[in-house]
Structures are given as structure tokens and as C-alpha cells.
Amino acid sequence: MEEHSESTPAQEERSRDRWQPVEDLIERLPLVHGMIFADIGTGSGHFAVPVGQLLRGTGTVFSVDCDGDGVEGLKNRLETEDLTGWVIPMRVESNTFPLPDNSVDLASLGDEVHAGADAAAVMAEVRRVLRPNGRLVVIGWKQDESQDPIAVAPPVDARLSAEQTREVVTAAGFAYQESWDIYPSHNVLVFGESTAE
């Protein structure tokens with residue numbers, strides 16, 4: 001397990017890419033030119049920036065997070081990587097996203113569905129912004145802490161199992177499609193078109 005220490009955003013990305021290679025997710029995402037992608041809980045843009053590079057010139061990536069420092073760091077990274085305008089950072093104060101209804105083709109939700117968190121409110125907001133034929137990819141820490149690659153992983157009692165995550169997301173009206181076994185430390189679940197209310 002890696003020890004946590006002060007590091008630059010670039011160092012953090014290199015470290016994270018060792019235990020959560022972005023290519024493993026990107027190659028499975030149904031990305032098409034012109035699409036709108038929302039990365040919710042974007043942090044430093046680990047997934048948003050590579051998707052932005054792929055969609056640059058045709059699509060848009062909205063990077064949504066409640067961490068002001070993370071959003072500011074992402075803005076600096078976007079300038080460096082010439083992605084300003086293609087990846088749009090958005091800081092939120094609550095479970096309300098500044099996006100129109102039915103505006104997103106594909107969303108990723110990273111480590112945002114926790115035990116004890118207001119998961120229902122988060123999922124309702126994701127459902128509001130996702131188009132009826134959109135897809136949602138939920139990424140969350142596994143309950144097996146022996147696989148934790150970093151010392152600052154959330155406590156096990158704050159994590160949901162894959163089955164619990166599936167229950168929370170389907171209760172919000174999404175249809176479970178499949179799971180991707182791509183990360184030792186994280187579950188990755190895919191949900192499809194919203195079910196009828």
C-alpha cells in the first residue's frame with residue numbers, strides 16, 4: 001500500500017494510473033464523436049481528461065465535483081493540455097448538477113455512492129441529466145481492503161458491495177446491464193436506459 005504524502009496533481013495522476021489505468025476503462029466506454037460525457041466526482045480529471053482528448057473537436061466533457069481545490073487544479077491541467085472549452089469543470093455545492101435535463105449521453109460516477117451518503121439524491125440527479133437512452137458507469141471501492149492500493153482509501157464500512165450499489169442504482173430507475181472486472185480495488189457497474197417511472 002502506498003503511503004500518502006503531499007504531491008503535485010501530475011504525481012498523483014501517475015500514481016493513480018498504476019493502480020487504476022485509465023485505458024482499461026476508456027477502451028470499454030461506448031464513446032462516439034459528438035457525445036456529451038459527464039464525469040461526476042471527477043477529482044483531478046483522471047477519466048475526464050483522456051475522454052476529453054478523444055472527444056476534442058466534436059463532443060464535450062463536463063467534470064463535476066464538490067471539491068473546489070480539485071476543480072481549480074483541473075482547470076490548470078486543462079490549460080496545460082489544451083483542453084479548455086472541451087472539458088468543462090463544474091464545482092457543485094450539493095447534489096444538484098448545473099446541467100439541463102436529458103443532456104448527457106454517458107456519465108461516470110466515481111466513488112460517489114457510499115454507505116450513509118445521500119445516494120438516492122445523487123442518483124435522482126444523475127437520472128435527471130442523463131438522456132433516456134444514455135448509459136451510466138458506476139465505479140466504487142470494493143469492500144476487500146486487502147486490495148487497497150493507497151493508504152487514504154475510505155473505510156470499509158463506508159463502501160457498498162457491487163450488489164448494494166446495483167440495488168441503489170436500480171432503485172433510482174436505471175436498468176443494470178453488466179459489470180467490468182478491470183480493477184482489483186474497484187467495482188465497475190454499467191447501467192442502461194432508464195426504466196419507466
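This section reports on the structure supplied with the text. As the structure is a prediction and not an experimental result, all values here were calculated from the model. (Residues numbered from 1 in each chain as written. Predicted model: local features only at pLDDT ≥ 70, side-chain atom pairs only at ≥ 80, totals over all residues. Heavy atoms only, no water.)

**Considering the layout of surface pockets**
Quantified by volume, the second largest pocket comes out at close to 150 Å³. Taken together, Ile40, Gly41, Val64, Asp65, Cys66, Val92, Glu93, Ser94, Asn95, Phe97, Glu112 and Val122 make up the lining of the second largest pocket. Here the lining of the second largest pocket is composed, by residue class, of six nonpolar, three polar and three charged. (1 Å grid on protein atoms, 1.4 Å probe; cavity = no way out; pocket = protein on both sides within 12 Å on 5 of 7 lines; lining within 4 Å. Points joined across faces, edges and corners; volume = space filled by probe spheres on them. Nonpolar A, V, L, I, M, F, W, Y, C, P; charged D, E, K, R; others polar.)

**What to know about the pattern of salt bridges**
Within this structure, the stated rule accounts for nine salt bridges. For Arg131, the salt bridge is made with Asp105, and the minimal N-O distance between the two is 2.6 Å. Separated by 26 residues along the polypeptide, Arg131 in strand β5 (residues 130-141) and Asp105 in strand β4 (residues 104-110) bring together distant segments of the chain. Look at Arg131 and you get partly exposed, because its relative accessible area is 29%. For Asp105, a relative accessible area of 21% translates into the label partly exposed. Note that Lys142 and Asp181 form a salt bridge whose closest N and O atoms lie 3.8 Å from each other. Taken together, the residues span a long stretch of sequence, with Lys142 in the loop between β5 and α6 (162-171) and Asp181 in the loop between β6 (175-179) and β7 (186-192) at a distance of 39 residues. (Salt bridge = Lys/Arg side-chain N within 4 Å of Asp/Glu carboxyl O. Helix = DSSP H or I, 4+ residues; strand = E, 2+ residues; numbered from the N terminus. Buried < 20%, exposed > 50% of the residue type's maximum accessible area, 1.4 Å probe, protein only.)

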